[in-house]
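Coordinate inspection notes
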Amino acid sequence: MEGRPITLALSSSKLSSASDPNQPVLQVSGRAQLQGQVKISGAKNAALVILAGALLCPSDCRIRNVPSLVDVARMGQLLSSVGVKFEQQGDVIDINAAHISTSQAPYELVSQLRASFFVIGPLLARLGVAKVPLPGGCAIGARPVNLHVQGLRAMGADVHIEHGVVHAAVPGKGRLKGAKIYLDYPSVGATETLMMAATLADGETIIENAAQEPEVVDLANFCRAMGANISGAGSKTLVISGVPRLHDVDYTIIPDRIEAGTFLIAGAITRSSILLSPVIPDHITAAISKLRKIGVQITCEAPNSIRVSPGEQHLATDIETLPYPGFPTDLQAPFMALLTLCEGNSLITETVFENRLHHVPELNRMGADVRVKGNTAIVRGVPMLSGAPVIGSDLRASAALVLAALAAEGTSTIQGLQHLDRGYEKFEEKLKKLGANIVRIEPPVKQKQD
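Quick notes on the rules
- Residues numbered from 1 in each chain as written.
- Predicted model: local features only at pLDDT ≥ 70, side-chain atom pairs only at ≥ 80, totals over all residues.
- Heavy atoms only, no water.
- Pairing = 2+ DSSP bridges.
- Helix = DSSP H or I, 4+ residues; strand = E, 2+ residues; numbered from the N terminus.
- Axes fitted to C-alpha atoms, helices over the stretch in contact; angles between N-to-C directions.
- Contact = heavy atoms within 4.5 Å.
- Salt bridge = Lys/Arg side-chain N within 4 Å of Asp/Glu carboxyl O.
- Polar contact = N/O pair within 3.5 Å; in protein donor to acceptor, adjacent residues only side chain to side chain.
- pLDDT = per-residue confidence, 0-100.

For the rest of this paragraph, the subject is the sheet that holds strand β17 (residues 319–320). Across the sheet, 4 strands lie side by side as β17-β18-β20-β19; this open sheet has mixed pairing. On the outer flanks of this sheet lie β17 and β19 (369–373), each paired with one strand and no other. In this sheet, strand β20 (residues 376–380) lies alongside β19 in antiparallel orientation, the contact comprising 5 bridges. In the strand pairing of β20, Lys373 is matched with Thr376.

Structure (structure tokens):
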């Protein structure tokens, strides 16, 4: 996202390989009408960084509306591995980071979860030292950590990368120093990492060209609720005046705007009427605008609920992904599924990640007409899609294939559920309650031989 030194790429030819009988699949019979209300879960990307942010506080933190996801469980394992008390009951997590036992995050956890790299900021702020492996996660392009490193160095830390591990230390294990930092790109991860580090720094930190995403604002609000001094969240300039210590907090995560957008598209692609709640409409302005241009009806029935209803005709439109408040890259793949069935030609330009069009050959397998040139996809609308076996390459690509399957004639089987389970809470269960013909088929249990 912030340059290109670390690349995690997938070959699209490998995605459509033979079905793996040892992996679970979703079986979707399309063309079912959806109806009813769907509950939108807490925001995954806010929850993960707020869980990391709890490391800043030596007292009790209660975090509510946390989605039950594989990534959340992994973040819990990471926090436990550094000595944090971590307890989850339903959508409530209690954390106590009074006694952090180590400054080193384990490779086997960080390699599976990109968001786990966020702990470098809070660990460095609390302990004056941190050792965190370079991160993993979805294979959707280069998302290096150079902006995080440059920012921490500006705050007085010695930072070097050795054998795949980022070593950061404040001389004498003292406090970080306030600094003026300009981000070459409005990176969400760098903004959040540096904001957390600055909350306990000595002096004032100014972050220019900061990310403006709602999840950044949610993290700032969480830190403020613990006593941090932060202003400008949601704008391009963040100002953080360091404080010596943070206090206990009881905080509720915002609704997931990407899940909300995905269910809006589910209603549109199946030409169904669905009510979504809770949502914050201002967080999905770009998606709502594009749906209305297509011809989909979107109405706000209450301050925190939105209804999607079919329009008379769905027409093609162009999309360019951009940092917030632009069109979110995380909805590019789901929107492409919808545009395959819209009348006319659409142009989709992916500017945020360079490896985020792997869903194209899978949609084409279902009868879509999509061509790719560089980071641009040309989508020619077709009258119908057909069920087919497909494989999701990343989190949002897997969701897009489920959406396409909901609208397709016949039955589809979708692999790659390990991606889907990272980011959507009870996805097929929610769709089933709306009337979708969808079932998860687990692989047969192998019998042990004597």
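Turning our eyes to something else, we now look at the sheet that holds strand β10 (residues 204–208). Across the sheet, 4 strands lie side by side as β9-β10-β12-β11; this open sheet has mixed pairing. Two strands bound the open sheet, and with one partner strand each, they are β9 (180–182) and β11 (229–231). Here the average twist between neighbouring strands, direction ignored, is 15 degrees. On the sheet, helix α7 (residues 188–199) packs against β9, β10, β11 and β12 (237–241) and is oriented at approximately 25 degrees with respect to β12.

Tallied over the full model, the rule gives 16 salt bridges. For Asp250, the salt bridge goes to Arg64, with nearest N and O atoms at 2.8 Å. Here Asp250 is found in strand β13 (residues 249–252), whereas its partner Arg64 is found in strand β3 (residues 60–64), with 186 residues between them in sequence.

Moving on: the side chain of Arg356. Mapped onto the secondary structure, Arg356 falls in the loop between β18 (345–349) and α12 (360–365). A distance of 2.8 Å separates the side chain of Arg356 from the side chain of Asp330, its partner in a polar contact.

It is worth spelling out unusual backbone geometry at this point. Here the residue pair Ser277 and Pro278 is connected by a cis peptide bond, since its omega of -5 degrees sits within 30 degrees of zero. Locating Pro278 in the fold gives a position in the loop between β14 (273–277) and α10 (285–294). The omega torsion across Tyr324 and Pro325 is 15 degrees, close enough to zero to call that bond cis. Backbone geometry places Arg31, a non-glycine residue, at a positive phi of 70 degrees. Relative to the assigned elements, Arg31 resides in the loop between β1 (25–29) and β2 (35–39).

Attention now goes to the confidence of the model for the chain. Detailed reading of the predicted coordinates is not advisable wherever pLDDT falls low. Here the chain shows a mean pLDDT of 92. Residues at 70 or above account for 93%. With pLDDT under 50 throughout, residues 1–18 is counted as low confidence; its partners more than four residues away or in other chains account for 49 contacts. Across residues 138–142 the pLDDT falls below 50, and counting only partners more than four positions away or on other chains, this stretch makes 24 contacts in the model.

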